[in-house]
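Analysis of the macromolecular model
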Amino acid sequence: MGKDSVAAAVAMVELTDAFSWWQDMNDSPVWQDRIFYTLAVLYGLVATVALVQLGRIQLRVPEYGWTTQKVFHFLNFLVNGVRCVVFIFFRNVERLKPEIVQHILLDVPSLAFFTTYALLVLFWAEIYYQARAVSTDGLKPSFYIINIVVYVVQISLWLILWWKPISGLLILSKLFFAGVSFFAALGFLLYGGRLFLMLQRFPVESKGRRKKLQEVGYVTTICFLCFLVRCIMMCFNAFDKNANLDILDHPILNFIYYLLVEILPSSLVLFILRKLPPKRGITQYHPIR
């Protein structure tokens with residue numbers, strides 16, 4: 001018993017030291033600067049990659065206008081660019097009043113991130129239904145309606161919080177976005193999974209089958225996990241003060257969160273989808289209408 005008690009005491013001291021180290025870093029202005037400026041640099045790099053890829057696509061097929069692929073890369077550039085600016089000026093953001101303005105600056109890019117990857121789900125759904133000779137007329141209207149509803153509900157919650165800050169409404173706002181992230185994860189699982197299984201049934205000798213199969217499989221897995229982690233983290237953020245993602249309170253947690261749910265997924269997806277579209281004359285490449 002004596003040895004067990006000593007071991008337990010040592011473990012407790014180590015745990016306390018670890019927590020103290022975490023807290024010291026969170027409270028240190030120097031580490032806050034390092035962490036948030038590192039996030040700004042990472043977001044800036046991803047935004048640059050998305051912009052360069054958008055330029056390459058435009059040079060390759062300028063005659064097609066704003067295709068799904070171009071819009072996807074532009075939105076990636078926009079989301080990551082805004083995040084970069086917010087984290088560069090994070091101390092100015094922290095001083096903004098009323099407090100809801102801070103939440104808006106942090107959450108608007110999250111909404112745009114949802115729209116960006118919902119566009120990818122739409123693209124896959126169109127491919128899947130077209131391959132099965134099923135009408136896709138309702139897909140784009142559904143995409144627009146879903147996005148409009150999400151933005152209207154979220155903006156309404158912000159306006160109410162602006163008018164009368166209520167902690168319960170702030171929790172509801174976070175839970176709403178957790179729900180949006182959960183349904184985005186289900187969308188990738190549903191249509192990415194369907195497309196993956198459909199490609200598996202193609203003949204082995206089909207040109208590009210293996211590469212396209214891997215592409216869909218990797219992107220589906222990455223995006224499903226990304227939105228699922230975001231959903232779980234937002235639920236903790238809503239109810240647990242220790243998991244609060246306010247911009248200065250927990251810089252280490254912010255770094256882990258944004259790295260896992262935006263920076264790494266965006267980087268990996270942009271790398272996987274780096275292939276340029278076919279040149280003019282290939283009929284499968286269509287502009288957005």
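Residues numbered from 1 in each chain as written. Predicted model: local features only at pLDDT ≥ 70, side-chain atom pairs only at ≥ 80, totals over all residues. Heavy atoms only, no water.

With that settled, consider the packing of aromatic side chains. Where two aromatic rings form a pair, the distance of their centres and the angle of their planes describe that pair. Counted according to the given criterion, the structure contains 18 aromatic pairs. Each ring, one from Tyr37 and one from Phe90, has its centre 5.6 Å from the other, and the planes form 70°; the classification is edge-to-face. Linking Tyr37 in helix H2 (residues 29-60) with Phe90 in helix H4 (residues 90-94), this pair joins segments that are 53 residues apart in sequence. A residue is classified by how much of its surface remains accessible, and Phe90, at 0% relative accessible area, is buried. Arranged with centres 5.0 Å apart and planes meeting at 75°, the rings of Tyr257 and Tyr258 form a pair that is edge-to-face. Taken as a pair, Tyr257 and Tyr258 share a single burial class, namely buried. (Phe/Tyr/Trp six-rings, centres within 6.5 Å; stacked < 30°, edge-to-face > 60°. Helix = DSSP H or I, 4+ residues; strand = E, 2+ residues; numbered from the N terminus. Buried < 20%, exposed > 50% of the residue type's maximum accessible area, 1.4 Å probe, protein only.)

Moving on, we come to the UniProt feature "transmembrane region" (unreviewed entry) in the protein. In this structure's numbering, the residues bearing the UniProt feature "transmembrane region" (unreviewed entry) are residues 35-59, 71-90, 110-129, 141-163, 175-197, 218-239 and 255-273. Regarding residues 141-163, the helix share stands at 100% and the strand share at 0%, and the terminal C-alpha atoms are separated by 32 Å. End-to-end, the C-alpha atoms of residues 255-273 are 25 Å apart, and along that stretch the chain is 95% helix and 0% strand. (UniProt positions renumbered as here; feature names shortened; annotations may be inferred.)

On to helix H9 (residues 251-272), then. In this model, H9 (22 residues) spans 30 Å end to end at C-alpha, consistent with the 32 Å of a helix rising 1.5 Å per residue. Its maximal kink placed at Leu259, H9 deviates by approximately 50°. (Expected span 1.5 Å × (residues − 1). Bend = angle between axes of the 7 residues up to and from the residue.)

It is worth spelling out the confidence of the model for the protein at this point. Residues at a pLDDT of 70 or more form 86% of the protein, whose mean pLDDT is 85. Across the protein, the element-wise mean pLDDT spans from 56 in helix H1 (residues 2-27) up to 95 in helix H3 (residues 68-88). A low-confidence stretch, residues 6-11 (pLDDT under 50), is modelled with zero contacts involving residues beyond four sequence positions or located in other chains. Of the regions scoring below 50 in pLDDT, residues 282-289 engages in 18 contacts with residues more than four places distant in sequence or in other chains. (pLDDT = per-residue confidence, 0-100. Contact = heavy atoms within 4.5 Å.)

Phe72, Tyr117, Leu120, Phe188, Val219, Phe227 and Val269 are the most contacted members of the largest nonpolar core, which totals 71 residues. Beyond its immediate sequence surroundings of up to four residues, Leu120 is in contact with Phe72, Phe188, Val219 and Leu273. (Core = buried A, V, L, I, M, F, W, Y, C linked by side-chain atoms within 4.5 Å.)

So, about helix H6 (residues 139-163). With 25 residues, H6 ought to run about 36 Å at 1.5 Å a step, and its terminal C-alpha atoms sit 36 Å apart, in line with that. Three or more residues of H6 are buried, namely Leu139, Lys140, Phe143, Asn147, Val150, Gln154, Leu157, Trp158 and Leu161. On its buried face, H6 sits against helix H5 (100-131) and helix H7 (167-200).

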